[in-house]
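Listed here are the chains, written in short residue letters.
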Amino acid sequence: MLERVQPLPAESVDIEAALGRVLVEDATSSVDLPPFDSSAMDGFALRSADTPGQLPVVHRIPAGAPAPRSLEPGEAMGIATGAAVPEGADAVIPFEYVVEHDNTLEIDEPVQAGANVRPSGGDVGAGETIARSGARLGARHLAAFAAAGIPQVQVAQRPRAAVVVTGSELRQPGEPLGPGQIYEANGVLLEAQLTSAGAEVDRTSAVVDEEAAHREALGRGLQADVLVTSGGVSVGPHDLVRGVLAELGVEEVFWGVSVKPGKPISFGVAGNRLVFGLPGNPVSVLVGFELFARPALLALQGSDDPGPRFERGLLGARLSRNPARDELVRARVQSKREGPVVEPLAGRESHMIARAASADALVLIPRGTGDLSAGQAVEFLRI
Ligand code: AMP
Ligand code: MG
């Protein structure tokens, strides 16, 4: 699937708008950071060679206003945290460690050269890399860019994603339910998942299980970079999605995965556009998106680590295995001394979305016979 992904073109964005975006070129500092030797403490700048001793305080340096002259031998200057250490000084002694009277310091102990001085470029030098191409930007990156004087960064364009949910039985929450009808849950689920994966989402109301309606909605959805559908990809007479996608020119790359839930997932391409056909049951959508669509969306944006990023933990309770399919079971992760322990939640069926609400992870139960016992090492995916 990842081999079929063609990364999107780049654009330049203000760092304020870069949260969650993926860098497509290394970001380098525009300045030495700190830009000058600065004081790490409120205290006095001095020459270490003059300590111990008595030193007159000849000036006081606030942050933002460097001393008008250099520090001569035998002198001290008051200095604020973040203020520029004056020419001639090589150390700062904090207020707490000196006695000052009549503008003179009494220093009893020798002060080490370099003490409490944050050297220029000690964090990063001008031109050095702060974040590499392929990194997905979090708050910490944005702060680093700001500190390094970088107003804009080159990131991948946001994928445009379309969501098409299918099913004649579906109603919007807030409407009354008629006989045989259920509330539509996948649209809001997919919109949230796609948004968190960096996409701009276009979503319309549920499509009835008729070919003409499918043709219209899927045709429109194929204008996006990524089309994600729900329902109608299984083998029933009302499962129309794959047939209509084929008619619309989508090349199906695979249909059917040995994963529970989510067996009838389909993946196709139309030129550079990606199409995910997810089954209708909401837990199948939840799981199928995390395993397949999210990594593809991140790869589309040039991520160097599209995932899914499984972690290791210990299973909290015995679980039976499925002989034919790898199963992802909703679970809660607890931090224990022995490491993360994943407690599977009751109810493994794919329509049970209400029970999934309290899960914060999916634990991977590899296919096989017999049970996995409590305490066994497992992999899990945080959701
Ligand atoms: P399907 O894959 O279309 O056969 O749907 C499988 C099951 O998921 C059926 O019970 C559907 O009623 C249900 N379902 C399909 N789409 C949705 C949806 N958008 N929200 C909630 N349930 C759905
Ligand atoms: Mg259906």
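Above this text sits the structure in question.
Throughout what follows, the structure given in this document is the object of discussion. Everything quoted here is computed from the prediction, not taken from an experiment.

**Notes on the sheet that holds strand S18 (residues 251-255)**
Okay, so step 1: Taken in spatial order, the six strands line up as S16-S13-S17-S21-S20-S18 in an open sheet, and their pairing is mixed. The sheet is open, and its two edges are formed by strand S16 (200-203) and S18, each paired on a single side. On average, each strand axis in the sheet is inclined to that of its neighbour by 20 degrees, with strand direction left out of account.
Okay, so step 2: As defined by bridge partners, S18 adjoins strand S20 (residues 266-270) across four bridges and the pair is classed as antiparallel.

**Some words on the site of ligand 1**
Okay, so step 1: Of all residues adjacent to ligand 1, which total 16 residues, the nearest are Glu 169, Glu 184, Ala 185, Gly 232 and Gly 280.
Okay, so step 2: Gly 280 places a polar main-chain atom, nitrogen or oxygen, 2.9 Å from an oxygen atom of ligand 1.
Okay, so step 3: Here Asn 281 contributes a backbone N or O atom positioned 3.2 Å from an oxygen atom of ligand 1.
Okay, so step 4: In isolation ligand 1 offers 490 Å² of accessible surface; the protein chains occlude 75% of this area.
Okay, so step 5: Split by residue class, the shell around ligand 1 holds six nonpolar, seven polar and three charged.

**Examining the sheet that holds strand S4 (residues 43-46)**
Okay, so step 1: If you trace the six strands from one edge of the open sheet to the other, you get S7-S4-S6-S5-S9-S8, paired in mixed fashion. Edge positions in the sheet fall to strand S7 (91-94) and strand S8 (99-101), since each of these pairs with one other strand and no more. Here the strands of the sheet are splayed against their neighbours by 35 degrees on average, with no regard to which way each runs.
Okay, so step 2: Judged from the four bridges that link them, S4 and S7 form a sheet pairing that is antiparallel. Considered in S7, the bridge of Gly 43 is made with Pro 94.

**Section: the environment of Pro 279**
Okay, so step 1: You can see Pro 279 is positioned in the loop between strand S21 (273-278) and helix H5 (282-300).
Okay, so step 2: On the basis of relative accessible area, Pro 279 is assigned to the buried category, the value being 8%.
Okay, so step 3: Separated by 35 residues in sequence, Pro 279 and Val 244 place their C-alpha atoms 15 Å apart.
Okay, so step 4: Sequence-distant contacts of Pro 279, that is, excluding residues within four places in its chain, are made with Asn 186, Ser 230, Gly 231, Val 233, Gly 262, Pro 264, Ile 265, Ser 284 and Val 285.

**Some remarks on the nonpolar core**
Nonpolar side chains in soluble globular proteins tend to end up buried together.
Okay, so step 1: In terms of nonpolar packing, the biggest core is built from 37 residues, with Leu 190, Leu 194, Leu 274, Phe 276, Leu 278 and Phe 289 touching the most fellow members.
Okay, so step 2: At the level of secondary structure, the elements contributing two or more residues to this core comprise strand S13 (160-165), helix H2 (186-196), strand S17 (226-230), S20, S21, H5 and strand S26 (361-365).
Okay, so step 3: Among the elements that make up this core, the one with the highest residue count is H5 (twelve residues).
Okay, so step 4: If we skip the residues at most four places from it in the chain, Phe 289 touches Leu 190, Gln 193, Leu 194, Ala 197, Leu 278, Ser 284, Arg 294, Pro 295 and Leu 297.
Okay, so step 5: Ranked by size, the runner-up nonpolar core spans 15 residues in total, among them Leu 218, Leu 222, Val 241 and Ala 270.

**Some details on the pairing of strand S25 (residues 339-344)**
Okay, so step 1: Relative to S25, strand S22 (residues 311-315) runs parallel, the two being bridged by two bridges. Across the sheet, Leu 314 pairs through a bridge with Val 341, a residue of S25.
Okay, so step 2: In this structure, strand S24 (residues 326-336) lies alongside S25, joined through six bridges in antiparallel fashion. Within S25, the residue paired with Ser 335 across the bridge is Pro 340.
Okay, so step 3: Counted along the chain from S24 to the antiparallel partner S25, the turn is two residues long.

What counts and how
- Starting afresh in each chain, residues are numbered from 1 along the sequence in its written order.
- All chains are assigned letters beginning with A, and all ligands numbers beginning with 1, in the order in which they are written.
- Under the rules for a predicted model, residues below a pLDDT of 70 receive no local features and side-chain atom pairs below 80 are neither given nor counted, while totals for whole chains, interfaces and linings still include all residues.
- In computing side-chain values, all of the structure's heavy atoms are included and hydrogens and water are not.
- Note: two strands are recorded as paired if DSSP finds a minimum of 2 bridges between them.
- A helix here means a DSSP run of H or I that spans at least four residues, while a strand means a run of E at least two residues long, and both kinds are numbered starting from the N terminus.
- Whenever a helix is involved, its axis is fitted only over the stretch in contact; in every case the axis is a line through C-alpha atoms, and angles between N-to-C directions fall within 0 to 180 degrees.
- It suffices for a single heavy atom of a residue to lie within 4 Å of a molecule or strand for the residue to be listed as near it.
- Polar contacts, as used here, are pairs of N or O atoms within 3.5 Å; protein pairs need one atom able to donate a hydrogen and one able to accept it. Residues neighboring in sequence count only if both atoms are side-chain atoms.
- Where accessible areas are quoted, they stem from the Shrake-Rupley method and a 1.4 Å probe; at the residue level, only the protein chains shown are allowed to cover.
- Three classes are used: nonpolar for Ala, Val, Leu, Ile, Met, Phe, Trp, Tyr, Cys and Pro, charged for Asp, Glu, Lys and Arg, and polar for all others, with Gly counted as polar.
- Note on classification: 1.4 Å probe, protein chains only; a residue is buried when its accessible area is under 20% of the maximum for its type, exposed when over 50%, partly exposed between these limits.
- Residue contacts are counted whenever heavy atoms from the two residues lie within 4.5 Å of one another.
- What makes a nonpolar core is a set of buried Ala, Val, Leu, Ile, Met, Phe, Trp, Tyr and Cys residues whose side-chain atoms join them at distances within 4.5 Å.

Any functional reading would require information beyond the geometric quantities listed.
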